[in-house]
Amino acid sequence: VTSSSAHARATGVFRFTGVDFQSLRHGMSLRHSGAGHEGDVGHSPSTDAAVIEANRDTFLHALGINPRALTVGRQTHGTTVRVVTDHDRGRGLYPSFDGFPATDGLATRDTRVAIGVIVADCVPLLMYDPVVHAVAVVHAGWRGTVGLIASEAVRVMSESFDSRPEDLRVAIGPSIGPCCYEVGDEVIEGWQAASAGWGTDAVARMNPSYHFDLWTANRLALLESGVHESRIMVSGICVRCHAARFFSYRAARQDGLQHGRMLMVAQLHERAEQEPIVR
Ligand SMILES: [Zn+2]
């Protein structure tokens, strides 16, 4: 596992560095004091639609992404990963919010569309294949993680784009860490059933309860799917421990902090025709 080499900038954008994402525009919005409702970009009932739209536009412009190119799904903690194209530009934008029903992952090889997932404790995954030039973003809370949505994204990229798992570069973004993620028995039982023989390291017993390590669980699922260990980057940033910079659902609910959500987004750069493709 590579160590975290991510950084945050004063603009309220978090980017992954130190891994081969150079052919992508990508980033994750942050909680930051300069913005309305502290930078919420989700569909929070507590934040005005106009504030959310303004924050999204600011964030996307900082990344060089046209807000009208964005599409997001209606996330339901399921395992559906959908392939999108230019025709889907603008789907799921607030306030009309016509995103794909029951969709927790998006994948594309089309440079004209930007894809995003919304998180506030759940894990955002960014997956890039530099060989076939394709990208996916995934929302993985405990249900999605137990449902192996990370593996489903690898499968969809293989089937749709002829991606080879060993070519993929994957970043596991800021989200609730094992330090703060106390869970009920149903989570642990679900994970044990889904990952029999290889998932043990994602569970820690901290008396009297269990803690679930979403980062390790998703990393192990990716390894099972054939992703190379050296190409998986774990940011290692717990959003609840760092609730001043990130929105955390548990921090909001249990510690009375501002509710809000963050957007992880990616868009492929145009690539020159003559650029050599080497596996
Ligand atoms: Zn923590």
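S.K.: For the nonpolar core, give the residues involved together with the corresponding values.
M.R.: If you look at the biggest cluster of nonpolar residues, it comprises 40 residues, and the most contacted ones within it are Met 127, Ile 172, Phe 212 and Leu 222. When contributions to this core are tallied by element, the ones reaching two or more residues are β8 (123-129), β9 (134-140), α3 (149-161), β10 (169-172), α4 (185-194), α5 (214-224) and β14 (232-234). Considering each element in turn, this core owes the most residues, seven residues, to α3. Not counting the four nearest positions on each side in its chain, Ile 172 is found in contact with Phe 16, Val 123, Pro 124, Leu 125, Trp 215, Asn 218, Arg 219, Leu 222, Ile 232, Met 233, Val 234 and Ser 235. The next biggest cluster of nonpolar side chains, apart from the first, holds 29 residues, and it includes Val 119, Met 233, Phe 246 and Met 264.

S.K.: Describe in detail the coordination of the zinc ion, supporting the description with residues and values.
M.R.: Coordination of the zinc ion by the protein involves Cys 179 (SG), Cys 180 (SG), Cys 238 (SG) and Cys 241 (SG), with metal-donor separations of 2.3 Å. Viewed at the metal, the four donor atoms of the zinc ion are separated by angles of 104 to 117°, and the geometry they form is tetrahedral. One chain supplies every donor for the zinc ion, spaced along it as C-C-x57-C-x2-C. Taken as a pair, Cys 180 in the loop between β10 and β11 (182-183) and Cys 238 in the loop between β14 and α6 (249-255) lie far apart in primary sequence, 58 residues in all.

S.K.: Now, about the pattern of salt bridges: what can you tell me, with residues and values included?
M.R.: Oppositely charged side chains can pair when the atoms bearing their charge come close. Evaluation of the coordinates by the stated rule reveals 10 salt bridges. Several salt bridges share partner residues, and in doing so they unite Asp 86, Arg 89, Asp 110 and Arg 112 into one network.

S.K.: Any details on the packing of aromatic side chains? Residues and values, ideally.
M.R.: Aromatic ring pairs are reported here in terms of the distance separating the ring centres and the angle at which the planes meet. Scanning the entire structure with this criterion turns up six aromatic pairs. Ring geometry for Trp 191 against Phe 212: centres 5.6 Å apart, planes inclined by 55°, an arrangement best described as tilted. With Trp 191 in helix α4 and Phe 212 in strand β13 (residues 209-212), the pair connects residues that are 21 residues apart, well separated along the chain. An aromatic cluster of three or more residues is present, and its members are Phe 14, Phe 16, Phe 21, Tyr 128 and Phe 246. Lying across the ring of Phe 100, Arg 91 places its NZ or CZ 4.0 Å from the centre.

S.K.: Mind laying out the environment of Pro 67, listing which residues take part and the relevant values?
M.R.: Here Pro 67 lies in the loop between α1 (49-62) and β4 (70-72). Taking relative accessible area as the criterion, Pro 67 reaches 12% and is therefore assigned buried. Put simply, Pro 67 and Arg 89 are 22 residues apart on the chain and 9.1 Å apart in space, counted from C-alpha to C-alpha. Those residues in contact with Pro 67 that sit more than four places away from it in its chain are Asp 57, Leu 60, His 61 and Leu 93.

Definitions and cut-offs
- Residues numbered from 1 in each chain as written.
- Predicted model: local features only at pLDDT ≥ 70, side-chain atom pairs only at ≥ 80, totals over all residues.
- Heavy atoms only, no water.
- Core = buried A, V, L, I, M, F, W, Y, C linked by side-chain atoms within 4.5 Å.
- Buried < 20%, exposed > 50% of the residue type's maximum accessible area, 1.4 Å probe, protein only.
- Helix = DSSP H or I, 4+ residues; strand = E, 2+ residues; numbered from the N terminus.
- Contact = heavy atoms within 4.5 Å.
- Donors = N, O, S within 2.8 Å, 3.2 Å for Na, K, Ca; no water.
- Tetrahedral: all angles 85-135°; square planar, octahedral: opposite > 155°, others 65-115°.
- Salt bridge = Lys/Arg side-chain N within 4 Å of Asp/Glu carboxyl O.
- Phe/Tyr/Trp six-rings, centres within 6.5 Å; stacked < 30°, edge-to-face > 60°.
- Lys NZ or Arg CZ within 6 Å of the ring centre and 35° of its normal.

Any functional reading would require information that these geometric values do not contain.
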